[in-house]
Amino acid sequence: MKDNTTRLDHVVLWVQEPIAAAEFYEKAVGLEPVRLGEYAAGQAPFPSVRLNDETILDLMPLTVAETLQMVPGAADSAGHPVNHVCLAMPGDAFDELRARLEERAVPVSEFSYDSFGARGAARRSFYFRDPDGNVFEARHYE
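Owing to the predicted nature of the structure, the values given are computational and were not obtained by experimental measurement.

> Would you explain the packing of aromatic side chains in this entry?
Within a pair of aromatic rings, the relevant descriptors are the distance that separates the centres and the angle that separates the planes. Summed over all chains, the structure comprises 8 aromatic pairs. Taken together, the ring pairs connect Phe24, Tyr25, Phe94, Phe111, Tyr113, Phe126, Phe128 and Phe136 into an aromatic cluster. Stacked on the ring of Phe111, the Lys or Arg Arg98 has its end atom at 4.2 Å from the ring centre. When the ring centre of Phe126 is taken as origin, the NZ or CZ atom of Arg98, which lies over that ring, is 4.8 Å away.

Rendered as structure tokens:
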């Protein structure tokens, strides 16, 4: 990646159990774990999952909230509600995600149609929660 325009690098999610969260994101959502082995071996403070070539979701253990000094008020942010994180994807990946979630009995919302987002009106979208209660929207524009 050589383009240095402003873009989203990562989102940090508070999770109860990072290994279980990484497994959910890998198996149910289809994202690739990053530093999971290093985290399990005590060599990294948290694992992540790769959303795309330039964006990851960090899976921060809720237990470290009290110890974070570099972020003022970090402990108060643990569990602070964020409305949702939206994942935009091609139509086939969208359908595959919904099927994986349903196979694992993860509750999903009804479809929404033509909802507005960064690229205009999305053809379809739906919502789901991860095991820690974080809300995600999945959508596709094509």
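> Just to check I follow, could you spell out the sheet that holds strand β5 (residues 85-88) for this structure?
The pairing of strands in a sheet comes from backbone hydrogen bonds and takes either a parallel or an antiparallel form. Pairing is mixed across the open sheet formed by 4 strands, whose spatial order is β5-β8-β7-β6. Sheet topology places β5 and β6 (112-117) at the edges, where each strand pairs with a single neighbour. Across this sheet, the average inter-strand angle for adjacent strands is 45°, counted without regard to direction. Sheet strands touched by helix α4 (residues 91-103): β7 (120-129) and β8 (135-140). Its angle to β7, the strand with the most contacts, is close to 20°.

Thresholds applied
- Residues numbered from 1 in each chain as written.
- Predicted model: local features only at pLDDT ≥ 70, side-chain atom pairs only at ≥ 80, totals over all residues.
- Heavy atoms only, no water.
- Phe/Tyr/Trp six-rings, centres within 6.5 Å; stacked < 30°, edge-to-face > 60°.
- Lys NZ or Arg CZ within 6 Å of the ring centre and 35° of its normal.
- Pairing = 2+ DSSP bridges.
- Helix = DSSP H or I, 4+ residues; strand = E, 2+ residues; numbered from the N terminus.
- Axes fitted to C-alpha atoms, helices over the stretch in contact; angles between N-to-C directions.
- Contact = heavy atoms within 4.5 Å.

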